[in-house]
Amino acid sequence: ISQVLTGQIVTEAGTSRALSATDNGKIIYCTNAAATTVTMGVGLPAGFNVTIIQGGTGKVTLASGGLILQSYSGLFSTMGEFAIISVISPETDVFFAAGNLGV
């Protein structure tokens, strides 16, 4: 499995990240003890998808960046350490989040 995922897991040790086209299909592993904000990037195409893992104790929050960001629950932060969320774009600049979302 590790050979398959080589290059697909991106560690984010900082407290903010703006998603870009190079993140498509990747796993963003957030490891900071402080809160981290992941912002949707402008112009990401339909079919863009990314998985985000809260690997540290700092909560991860999605930000729309002024674009359309929706979730079934209306929540956009991870529930806690080891929570996993997925973001999918069915059309340009429209994003849906699902997974371990909480307040």
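Residues numbered from 1 in each chain as written. Predicted model: local features only at pLDDT ≥ 70, side-chain atom pairs only at ≥ 80, totals over all residues. Heavy atoms only, no water.

Looking now at the overall build of the protein chain. When helices and strands are tallied, the protein chain shows one helix and 11 strands. Each helix and strand of the protein chain, ordered N terminal to C terminal, gives the series α-β-β-β-β-β-β-β-β-β-β-β. Along the longest, intermediate and shortest principal axes, the C-alpha atoms of the protein chain span 35 × 30 × 20 Å. Counting over 103 residues, the protein chain shows a buried share of 37%. For the protein chain, restricting intrachain contacts to residue pairs at least 6 apart in sequence, the fraction spanning at least 24 positions comes to 54%. With an accessible surface of roughly 5,300 Å², the protein chain has 59% of that area assigned to carbon and sulfur atoms. (Helix = DSSP H or I, 4+ residues; strand = E, 2+ residues; numbered from the N terminus. Buried < 20%, exposed > 50% of the residue type's maximum accessible area, 1.4 Å probe, protein only. Contact = heavy atoms within 4.5 Å. Areas by Shrake-Rupley, 256 points an atom, 1.4 Å probe, with all protein chains shown as cover.)

Counting residues in each nonpolar core, the largest one holds 19 residues, and the members touching the most others are Leu19, Val38, Met40, Ile52, Leu62, Val87 and Phe95. Every element with two or more residues in this core is listed here: strand 3 (27–30), strand 5 (49–54), strand 6 (60–63), strand 9 (84–91) and strand 10 (94–99). (Core = buried A, V, L, I, M, F, W, Y, C linked by side-chain atoms within 4.5 Å.)

Moving on, we get to the packing of aromatic side chains. For the coordinates displayed, the defined rule picks out one aromatic pair. Judged by centre distance (6.5 Å) and plane angle (90°), the ring pair of Phe48 and Phe95 falls under edge-to-face. Here Phe95 lies in strand 10 and Phe48 lies in the loop between strand 4 (36–39) and strand 5, a separation of 47 residues in the sequence. Overall, the relative accessible area of 0% leaves Phe95 in the buried class. (Phe/Tyr/Trp six-rings, centres within 6.5 Å; stacked < 30°, edge-to-face > 60°.)

Okay, the pattern of salt bridges next. This structure, assessed with the given rule, holds two salt bridges. One salt bridge connects Arg17 with Glu12, and the closest N-O pair in it is separated by 2.8 Å. Each member of the pair, Arg17 as well as Glu12, carries the same accessibility label: buried. With a closest N to O distance of 2.8 Å, Asp23 and Arg17 form a salt bridge. By the burial criterion, Asp23 is buried, and Arg17 matches it. (Salt bridge = Lys/Arg side-chain N within 4 Å of Asp/Glu carboxyl O.)

Next up on the list: the side chain of Thr36. Tracing the chain through its elements places Thr36 in strand 4. A polar contact is formed between the side chain of Thr36 and the backbone oxygen of Gly14, at a distance of 3.4 Å. With sequence-adjacent residues up to four places away left out, Thr36 is seen in contact with Gly14, Thr15, Ser16, Cys30, Lys59, Val60 and Thr61. (Polar contact = N/O pair within 3.5 Å; in protein donor to acceptor, adjacent residues only side chain to side chain.)

Before going further, it helps to spend a moment on the pairing of strand 9. By the bridge criterion, five bridges tie strand 5 to strand 9 in an arrangement that is antiparallel. By the bridge assignment for strand 9, Ile53 is matched with Ile84. Note that strand 9 and strand 10 share five bridges and pair antiparallel. Residue pairing for strand 10: Ser86 is matched across the bridge by Ala98. Taken together, strand 9 and the strand that follows it, strand 10, pair antiparallel across an intervening segment of two residues, in which Asp93 is found at a positive phi of about 65°. (Pairing = 2+ DSSP bridges.)

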